[in-house]
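An overview of the molecular structure
Chain by chain, the residues:
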Amino acid sequence: MPLLVMKFGGTSVADLERIGNAAQKVQREVERGYDVIVIVSAMSGRTNELVGWVEQTSPLFDAREYDAVVSSGENVTAGLMALTLQEMGVPARSWQGWQVPINTTDAHSAARFVDIPRDNIDRKFQEGFKVAVVAGFQGLGPDGRITTLGRGGSDTTAVAFAAAFEAERCDIYTDVDGIYTTDPRITSKARKLEKIAFEEMLELASLGAKVLQTRSVELAMRYKVRLRVLSSFEDTDENSGTLVCDEDEIMESKVVNGVAYSREEAKITLVTVEDRPGISAAIFAPLAEAGVNVDMIVQNISEKDYEDHPGSVTDMTFSVPINQVERARKVMEEARAAGTISYEELIADTEVAKVSVVGIGMRSATGVAARMFKALADENINIKVIATSEIKISVLIDRKYMELAVQALHDAFGLEMA
Ligand code: ADP
Ligand code: ASP
Ligand code: MG
């Protein structure tokens, strides 16, 4: 039997009516002759609520118990989806992560897949079941406990099942009808893409575009999964939505194909650190050890009156996720107390956002950065930090200008027009 993976996100299973609507889409594929693995998220808002309860109960929570609580939202929707399909006459069975089992690493709340043995689900298909409904976002750690895969992780569950079961396609049903040049909630000028290259989607996802979890794109690229994003609220067929595919399947491409943003950024500046060999290692090694995720880094002449100590001090500025600022501060204070680094002051700016432009065409184009900076300058938006790689340019700016910056860049690179 040919097999499809269909994933439904939180808004697509937000209540019983929507679960019914999603189940109809599944039934249609079964009638076309497919066996289907359905991956479900928790009802929208549920995971946030569960995370809130954990944080309220225990601010420095035990990650195993966090996973025990936070994974539960998906158990509910998996069971309800199986029941809904049964009511429609479709033989379906639900699966929690440990029942498959979906084996993962022991990195609680950020686990990765180790393997997904097919035997149990294959046997059920052989017995005549047409649909396996699998709870997304969760797995089983080597310690025998439930793990979760990080926020948005059901996308990754879907792609991992598509790879393990050699599915014909992995369809990600969500609340938008495809992948756009930027988040359609930020500008109505955003244009739906018919196709997007794995590399570009990987960058967009890692730079904040939540439409797919980064890891899901990585897995799809590695295992050559045909990955598609489409609407769960509209009628859809084989040509609907956006296909994420190899670069050479795409006929036309611009220098910039997408704009991404992330609100969850913070900028930290260490004022007057010594300018000597080894200083960067002394700062960033303990941050890495403490699990602080440093993204952009700049080193510049000190803001402080450097004539007092000419040539000997510098400021070090870097960005971290906003929820890691306090951890970073603590690590820096400990390093200073231990005498491995020195600085006069740590300034944390939590009112910043990162805006990025992405395009594989940048590999061979020049002047992209200049065009980006000019567009921001025309809107009077000050750039605080810049980072570039082969196919992306990111800037850190004041958060209050984030939407304006996304719109200005979308215009400047002509993304509205096909
Ligand atoms: P789900 O609950 O189905 O997983 P998500 O909320 O995680 O859905 O992802 C879908 C959302 O991603 C959309 O509602 C949209 O606001 C956002 N998004 C961000 N960037 C893009 C983009 N480039 N194209 C489409 N949607 C995007
Ligand atoms: N429910 C989880 C979350 O909200 C996983 C997912 O929906 O992909 O992050
Ligand atoms: Mg999602």
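Residues numbered from 1 in each chain as written. Chains lettered and ligands numbered in written order. Predicted model: local features only at pLDDT ≥ 70, side-chain atom pairs only at ≥ 80, totals over all residues. Heavy atoms only, no water.

Moving on to the nonpolar core. Counting residues in hydrophobic clusters, the biggest one holds 42 residues, and the most contacted among them are Val 5, Ile 37, Ile 121, Phe 161, Cys 170, Met 201 and Leu 212. Among the elements that line this core, the one with the most residues is helix H6 (residues 154-164), at five residues. Grouped together as the second largest cluster of nonpolar side chains are 24 residues, Ile 19, Ala 22, Ala 23 and Tyr 173 included. (Core = buried A, V, L, I, M, F, W, Y, C linked by side-chain atoms within 4.5 Å. Buried < 20%, exposed > 50% of the residue type's maximum accessible area, 1.4 Å probe, protein only. Helix = DSSP H or I, 4+ residues; strand = E, 2+ residues; numbered from the N terminus.)

Let's shift gears to the UniProt feature "binding site: substrate" (unreviewed entry) in the protein chain. Per the UniProt record, "binding site: substrate" (unreviewed entry) is found at Thr 47 and Glu 74. These residues run over 28 residues, yet every pair of their C-alpha atoms falls within 8.7 Å of each other. By secondary structure assignment, the location of Thr 47 is in helix H2 (residues 46-57). Judged by its relative accessible area of 9%, Thr 47 falls in the buried class. Leaving out residues up to four positions away in the same chain, Thr 47 has contacts with Ala 42, Val 70, Glu 74, Phe 137 and Arg 151. (UniProt positions renumbered as here; feature names shortened; annotations may be inferred. Contact = heavy atoms within 4.5 Å.)

In the vicinity of ligand 2, the contacting residues are Ser 41, Thr 47, Glu 74, Phe 137, Arg 151, Gly 152, Gly 153 and Ser 154. In the environment of ligand 2, a nitrogen atom lies 2.7 Å from a nitrogen or oxygen atom belonging to the side chain of Glu 74. Relative to its free-state accessible area of 260 Å², ligand 2 is covered by the protein chains to the extent of 86%. Classifying every residue of the shell around ligand 2 gives one nonpolar, five polar and two charged. (Near = heavy atom within 4 Å. Polar contact = N/O pair within 3.5 Å; in protein donor to acceptor, adjacent residues only side chain to side chain. Areas by Shrake-Rupley, 256 points an atom, 1.4 Å probe, with all protein chains shown as cover. Nonpolar A, V, L, I, M, F, W, Y, C, P; charged D, E, K, R; others polar.)

What follows deals with the sheet that holds strand S3 (residues 92-95). On the basis of which strands lie adjacent, the open sheet formed by eight strands has the order S3-S6-S2-S1-S9-S11-S12-S10 and mixed pairing. In this open sheet, the two strands that pair with only one neighbour each are S3 and strand S10 (195-197). Strand-to-strand twist across the sheet, computed as the mean angle between neighbouring axes with direction ignored, equals 20°. Pairing analysis gives five bridges linking strand S9 (residues 169-174) to strand S11 (residues 227-231), with the strands arranged parallel. By the bridge assignment, Thr 174 is partnered in S11 with Ser 231. Most of the contacts of helix H7 (residues 198-206) go to S10, to which it runs at about 80°, and overall it touches S10 and strand S12 (242-245). (Pairing = 2+ DSSP bridges. Axes fitted to C-alpha atoms, helices over the stretch in contact; angles between N-to-C directions.)

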